[in-house]
Amino acid sequence: MKYLDEFSNPQLAGVLLERIRESATRRWAIMEVCGGQTHSIIRHGIDQLLPETIEMIHGPGCPVCVTPLGMIDKALDIASQPGVIFCSFGDMLRVPGSSKDLFRVKSEGGDVRVVYSPLDALELAQANPDRQVVFFGIGFETTAPANAMTVYQAKRLGIKNFSLLVSHVLVPPAIAAIMESPDCRVQAFLAAGHVCTVMGTREYPPLAEKYEVPVVVTGFEPLDILEGIRRTVIQLESGRHEVENAYPRAVAEAGNPVAKQMLEDVFEVTDRAWRGIGVIPRSGWRLSDRYREFDAEQRFAVGDLQTAESSICRSGEVLQGLIKPHECAAFGKQCTPRNPLGATMVSSEGACAAYYLYRRLDLPAEVAHA
Amino acid sequence: MREDVSGPVDLANWVCPMPLRDSPTIVMGHGGGGAMSGELVEHLFVPAFGAAAEAGMGDAAVLTVGSSRLAFSTDSFVVKPMVFPGGSIGELAINGTVNDLAMAGARPLALSTAFILEEGTALAEIAQIAAAMGTAALGAGVTLVTGDTKVVDAGHGDRVYINTTGIGVIDEGVDIRPQRASAGDVVIVSGDIGLHGVAVLSCREGLEFGTTVCSDTAPLHGLVAAMLATGADLHVLRDPTRGGLAASLNEIARTAKVGVALVENDLPIPAEIRDACGLLGLDPMYVANEGKLVAFVAPEDADRVLAAMHSHPLGTRAAAIGVCVPEHPGMVVAKTALGGTRVVDLPAGEQLPRIC
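None of the values given here were measured: they were computed from a predicted structure.

## Re the pairing of strand β6 (residues 162–169) of chain A
Residues and elements named next belong to chain A.
Next, step 1: Burial within β6 is extensive, with eight of its eight residues counted as buried.
Next, step 2: A two-sided burial pattern is seen for β6, the buried positions comprising Phe162, Leu164, Val166 and His168 on one face and Ser163, Leu165, Ser167 and Val169 on the other.
Next, step 3: Both strand β5 (residues 132–139) and β6 contribute to a ladder of seven bridges, which runs parallel. The residue of β6 that forms the bridge with Val134 is Ser163.
Next, step 4: In terms of strand pairing, β6 meets strand β11 (residues 278–287) through two bridges, oriented antiparallel. Counterpart to His168 in the pairing with β11 is Trp285.

## Digging into the packing of helix α8 (residues 144–157) of chain A against helix α13 (residues 257–266) of chain A
Residues and elements named next belong to chain A.
Next, step 1: Contact geometry for α8 and α13: axes closest at 9 Å, N-to-C directions at 60°. Judged by the inter-axis angle, α8 sits oblique to α13. For the element pair α8 and α13, the recorded crossing hand is left-handed. Residues Ala144, Pro145, Ala148, Met149, Val151 and Tyr152 of α8 pack against Ala259, Met262, Leu263, Asp265 and Val266 of α13.
Next, step 2: Here the contact of α8 with α13 is composed, by residue class, of 10 nonpolar, no polar and one charged.

## Details of the state of the cysteines
Next, step 1: Within this structure, the stated rule accounts for one disulfide over all chains.
Next, step 2: Residue pairing for Cys62 of chain A: its cysteine sulfur links by disulfide to Cys65 of chain A, the two sulfurs lying 2.5 Å apart. The chirality of the disulfide connecting Cys62 of chain A with Cys65 of chain A is right-handed, given an S-S dihedral of about 75°.
Next, step 3: Look at Cys62 of chain A and you get buried, because its relative accessible area is 3%.
Next, step 4: For Cys65 of chain A, a relative accessible area of 2% translates into the label buried.
Next, step 5: With no disulfide of its own, Cys203 of chain B lies 10 Å from the sulfur of Cys214 of chain B, the closest cysteine sulfur.

## A closer look at the domain arrangement of chain B
All names here are of chain B.
Next, step 1: For chain B, the domain assignment lists domain 1 (58–170) and domain 2 (178–343).
Next, step 2: Each of domain 1 and domain 2 has a C-alpha centre, and these two points are 23 Å apart.
Next, step 3: Of the residues lining the interface, 21 residues belong to domain 1; the matching set on domain 2 comes to 21 residues.
Next, step 4: Together domain 1 and domain 2 conceal approximately 1600 Å² of surface at their shared face, both sides included; 65% is due to carbon and sulfur atoms.
Next, step 5: Ranking the residues of domain 1 by area buried against domain 2 places Pro85, Asn99 and Met103 at the top, with a combined share of 35%.
Next, step 6: The interface formed by domain 1 and domain 2 contains six residue pairs in polar contact (both at pLDDT 80 or more).
Next, step 7: Those elements giving two or more residues to the side of domain 1 that touches domain 2 turn out to be β3 (83–84), α2 (89–102) and β5 (106–118).
Next, step 8: It is α2 that provides the largest number of residues to the side of domain 1 that touches domain 2, a total of eight residues.
Next, step 9: Split by residue class, the side of domain 1 that touches domain 2 holds 12 nonpolar, six polar and three charged.

Each value, and the rule that gives it
- Residues numbered from 1 in each chain as written.
- Chains lettered and ligands numbered in written order.
- Predicted model: local features only at pLDDT ≥ 70, side-chain atom pairs only at ≥ 80, totals over all residues.
- Heavy atoms only, no water.
- Buried < 20%, exposed > 50% of the residue type's maximum accessible area, 1.4 Å probe, protein only.
- Helix = DSSP H or I, 4+ residues; strand = E, 2+ residues; numbered from the N terminus.
- Pairing = 2+ DSSP bridges.
- Axes fitted to C-alpha atoms, helices over the stretch in contact; angles between N-to-C directions.
- Parallel < 35°, antiparallel > 145°, perpendicular 65-115°, else oblique.
- Left-handed = near helix turned anticlockwise from the far one by under 90°.
- Contact = heavy atoms within 4.5 Å.
- Nonpolar A, V, L, I, M, F, W, Y, C, P; charged D, E, K, R; others polar.
- Disulfide = S-S within 2.5 Å.
- Domains from an automatic or database assignment.
- Buried area = accessible area lost by both parts, 1.4 Å probe.
- Polar contact = N/O pair within 3.5 Å; in protein donor to acceptor, adjacent residues only side chain to side chain.

Following this line, the structure appears as structure tokens:
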């Protein structure tokens, strides 16, 4: 893809790695917020190539991982109801709820469909006026604008059989929550480039200032990530804590004004539970009053479902960067991508899945061949 | 006496190597060609068949009849949509079984064709598929010698399902099977990977990538014959269909208890496949192919085999992508473009496009 291959160039990666090695005079712990960055780091072996002084801590930015169990159970309940077409992005289908996943619901006769855009779900609603079509609206600021646009269109077109099961979460409150944790080891952040493509960079200076932590907006290709790390290390070494944009080809300071306006119209900020972490105040979006009629939770009355997490899963600590995936006793044993205890193992962006899929050789033998 | 298996299946007792208890009903992943497909065969079909099952049921069986060795294979085709850029379920039904035979080193002779048709399907559609089968069979040099047709009630099928079964002859001295992979073998793939899976996906989901990706469906026995004609010692051949290259390599590594070390940069992946997979969050190594083979060849013969492949129309883009190693037996490991390493695992079920 034009402008993509250039950002995987091994020679340039070698140059950046050398600069990082030269710059880092002591140990630094840097968190990449986004699960897409985690997978890029592990898949390309960037963590193996960095000097030992640089530790990458994997953050909570996997939308599938942080979707709370209760919300998954609500999705399973709605998808099981007769007359419902339940639409989702692909990687939500294998995420375990309390007792099963959406694949199981599908095998039991539920009409569960993978779509590539929420607008596809809206088209399904138009084509099936006698069915209720529900779209599972999860994710960060990245996926939210398209979901907002879909609800806006549904209202404009007067479509009555479409609704959104909303579980959107926001990055800046999560960064604040991580920094407030007494166990926090994070000294700098690589901010998620695609989130900033929508929201811009103006939310970050107050965080960098308050917690005295460098924030470098970073893309997803190997060179993007290495450049983000290089800039972060330079700031850390010089004692600075500023917001830098290392992804200018996609991110403007003001973000995408049209998308932001759509978000403001359709959603309002709310407290939100994060799987494995708990409730973070004002860390998510729900439908605003004007669009509440499209709220699937209300339409299907699934507010009171009781849920139960695995007692041995430590995905919460993984999501907060407190432990590495293989430091969980269940990793690779009771917990594998086939039989995941937590969403970090099943999601394509989850840190546990990344370690299981790509890095088993480097782990202790008992987990490598589990 | 065989154990009575007519009662309910006790999923809780399936403990080796990975239980199926997480799925007491068939889910789509059981047909994905990955770990779940293998477990279904290993834990359900083989025990249920009992003594009637031949150990090591593979894609093609080798039967000894008098002094001849025959390859025998069957496959069913349920692709949706039935017509896609570069082919249809008709070509797949012929080429798929021809290729299963070819992967045992056999010269395909004859195929059976069995149709399960759904009530209400247009005859014109079936005629189009049947014509494609005839053309493909002629092109592959096989005859369609017997068949069957069944019709199911409307709503109880997906218009057209096709089964083909094939038989072929294996020449003397040819011994191609996964167990023969050994350390030092050069791993060769016959050309660009990921074409079929992306072609079908783009059509099924209405995705447009700027260019039309066509399926690579093709009969591979001619290419195999060219490889055998070099006199090289071909240890293993496999067509990486469902589950892609990753699934095939993992199966071979596990069967032969050897490691496979790939060089990611050496994988032939067309730019449009990389782009489409990047967009959808898929890994080309897990995407299906219908006209490619992967070969494990003794190191001293690798150059000769590669040269022969390059001279054949279906092997012009053949490439050595790695070697067989004694380390990490049963695992496939890739050297990344940047110089790191990563495990290339067997897919569990089907690949899922990611959220963002």
